[in-house]
Amino acid sequence: MGRKEKITLWLVLIAGIVLLLGSCGDYRGPGTDNIENTGIILVVSDIMPQDRGEDTYDIDIVQHICPSGEPEDPLTDATLRVELYYEKGPACSSDIGKECPNINILSYRVEFFSDNDSAYPLPDLNVITQNIHLSPDSSVELEGLLLIPVSWKDELATKGNPNDVIVYQVKVTFYGVTDYGYEVKTWAQTFIEVADWDVCQ
């Protein structure tokens, strides 16, 4: 499917996102379930899907031959680019003399939802992370976070319908722990459009 055929899809998508946000609450999570004890407000300040290493909501699941006779670039894992921001909360500030701890992000979970009856159901994706640390009033940008393994793309192409554009809402939840042992988490939502996209150059 070519990208010029997306005008109608975008109108449907916008309506769907409005309904989603109206029913599921905020686009991003509140930061942590334990702000009173931790003094930490951890938020996802930016989230963007990527495919073949580029920012895009279009996730290609079929590699086909272009009119030139050359194949499209090989399929790759779909990934995420995410920015996390750690803001000091009122329970952790110089005013009360309590130091704010650092945060270590330990894992994240990706959940997929779709209102399309023909959408192939995708399982939750749980990923263990390493070496993701935040100090108070700082942010970190993460690239290449796994979103859809290339093996899932093969499954979507063979068991789903690659000729249709299937929109999935994506919820990503990050889990971490502070230097004091408190658990923290935050989440954000985005969307992807899964299809056999024409990406010939």
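Residues numbered from 1 in each chain as written. Predicted model: local features only at pLDDT ≥ 70, side-chain atom pairs only at ≥ 80, totals over all residues. Heavy atoms only, no water.

(A) Broad picture of the sheet that holds strand β8 (residues 138–148). Across the sheet, which stays open at both edges, the four strands sit in the order β2-β1-β4-β8 with antiparallel pairing between neighbours. Across the chains shown, the open sheet's two edge strands, defined by having one partner strand only, are β2 (54–55) and β8. Pairing geometry for strand β4 (residues 78–88) and β8, over eight bridges, is antiparallel. Paired with Val82 across the two strands is Leu142, which belongs to β8. (Pairing = 2+ DSSP bridges. Helix = DSSP H or I, 4+ residues; strand = E, 2+ residues; numbered from the N terminus.)

(B) How the structure looks around the pairing of strand β1 (residues 40–51). Summarising burial for β1: nine of the 12 residues are buried, a large majority. Alignment of β1 against β2, held across two bridges, turns out to be antiparallel. Note that in β2 the partner of Asp51 across the bridge is Glu54. Where β1 folds back on β2, the antiparallel hairpin that results is connected by two residues, among which Arg52 adopts a positive phi of roughly 50°. (Buried < 20%, exposed > 50% of the residue type's maximum accessible area, 1.4 Å probe, protein only.)

(C) Expanded view of unusual backbone geometry. Backbone geometry places Asn131, a non-glycine residue, at a positive phi of 60°. Checked against the element boundaries, Asn131 lands in the loop between β6 (125–128) and β7 (133–134). Positive phi values are uncommon outside glycine, yet Asp137 reaches one of about 55°. Relative to the assigned elements, Asp137 resides in the loop between β7 and β8. Take Asp137: its relative accessible area is 43%, and that puts it in the partly exposed class.

(D) Expanded view of the environment of Glu54. Residue position: Glu54 is located in strand β2. For the pair Glu54 and Ala78, spaced 24 residues apart in sequence, the C-alpha to C-alpha distance is 9.5 Å.

(E) Region of the structure containing the side chain of Gln50. Tracing the backbone shows Gln50 in strand β1. Taking relative accessible area as the criterion, Gln50 reaches 4% and is therefore assigned buried. Within the structure, Gln50 has its side chain in polar contact with the side chain of Asp55 (distance 3.0 Å). In contact with Gln50, other than residues within four places in its own chain, are Asp55, Thr56, Ile59, Ala78, Thr79, Leu80, Arg81, Glu143 and Gly144. (Polar contact = N/O pair within 3.5 Å; in protein donor to acceptor, adjacent residues only side chain to side chain. Contact = heavy atoms within 4.5 Å.)

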